[in-house]
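The primary structure of each chain is shown beneath.
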Amino acid sequence: MRNKALCKQLLECVLHIQLKTLRYMETEKTMKAQLSSKNIRLDVYVEDKYGNVADVEMQTTDDKGVIHLEDRDEETIIRELPLRTRYYQNIIGTNMLRKGMHYRELKKAYVIFICTFDPFGRGLPVYHFTYRCSEDFNLQMGDLTENIFLNVKAADKTDDEELAAFLRYVNGQNATTSFTRQLDKEATRIKNNDDWRLKAMTLDM
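In what follows, the accompanying structure is described. These figures come from a predicted structure and were not determined experimentally.

### Structural notes on the sheet that holds strand β1 (residues 22-31)
Step number 1: Reading across the sheet, the six strands line up as β1-β2-β3-β4-β8-β5 and stay open at both edges, with mixed pairing between neighbours. Every interior strand has two partners, whereas the edge strands, β1 and β5 (126-129), have only one. Across the sheet, the axes of successive neighbouring strands diverge by a mean angle of 15 degrees, strand direction being ignored.
Step number 2: Contacting β1, β2 (40-48), β3 (53-59), β4 (109-115) and β8 (145-151), helix α1 (residues 4-15) runs over the sheet at an angle of about 90 degrees to β1.
Step number 3: Running over the sheet, helix α3 (residues 161-170) touches β3, β4, β5 and β8 and is turned about 60 degrees from β8.

Here it is, written out as structure tokens:
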């Protein structure tokens, strides 16, 4: 995801929007609201030219996975995901506004979790959350936040072929589309990089 072109394609695939350009991008970005606040480290933090923000996170409970949280079991991690999402959105929103700015200057903020397990147990390939009125589901709050969870185990349940191919690829299957073949090529290039191999071996130890 350090490759801007691939990151842009992924966001367009997941969000179903067209992005002209990514103005700012940072991996492993550390953010906090104030001195005494808990830090967060975002896997991939992206901002478009309009100031809209997307945070892309990879979440797995496998010991050899990208992220493993203090040896906690899968049930604990799943239960904490919505709370993590809430906190991430709060920190992102806080960092959007500077002193003297108006609330109306807040931009859209997406938090996207790519999960190697079903985070909510409903068998859906995508869980897309926005704030809605309990009394009228057609009424959205309009706070410009969206939280999306991808379930790679349910790739065959989506009619979106590009998204299905991506989910299958993350789940360990072959690349079958132009986008996933580009991802696979980039992944292979990085795996063959000596600096990356040393970092991965150090993290594994």
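Structure's up, so let's keep going.
### Looking at the pattern of salt bridges
Step number 1: Summed over all chains, the structure comprises six salt bridges.
Step number 2: One salt bridge connects K29 with E26, and the closest N-O pair in it is separated by 3.5 Å.

### Topic: the nonpolar core
Step number 1: The biggest cluster of nonpolar side chains holds 27 residues, and the ones touching the most others in it are L11, V14, I112, L150 and F166.
Step number 2: Of all elements in the fold, only α1, β1, β2, β3, β4, β8, α3 and α4 (178-191) reach the threshold of two or more residues within this core.
Step number 3: Among the elements that line this core, the one with the most residues is α1, at seven residues.
Step number 4: Excluding residues that lie within four positions of it along the chain, I112 makes contacts with L11, V14, L15, D55, V56, E57 and I148.
Step number 5: Among the nonpolar cores identified, the runner-up in size contains 17 residues, and L42, I91, F117 and Y127 belong to it.

Each value, and the rule that gives it
- Residues numbered from 1 in each chain as written.
- Predicted model: local features only at pLDDT ≥ 70, side-chain atom pairs only at ≥ 80, totals over all residues.
- Heavy atoms only, no water.
- Pairing = 2+ DSSP bridges.
- Helix = DSSP H or I, 4+ residues; strand = E, 2+ residues; numbered from the N terminus.
- Axes fitted to C-alpha atoms, helices over the stretch in contact; angles between N-to-C directions.
- Contact = heavy atoms within 4.5 Å.
- Salt bridge = Lys/Arg side-chain N within 4 Å of Asp/Glu carboxyl O.
- Core = buried A, V, L, I, M, F, W, Y, C linked by side-chain atoms within 4.5 Å.
- Buried < 20%, exposed > 50% of the residue type's maximum accessible area, 1.4 Å probe, protein only.

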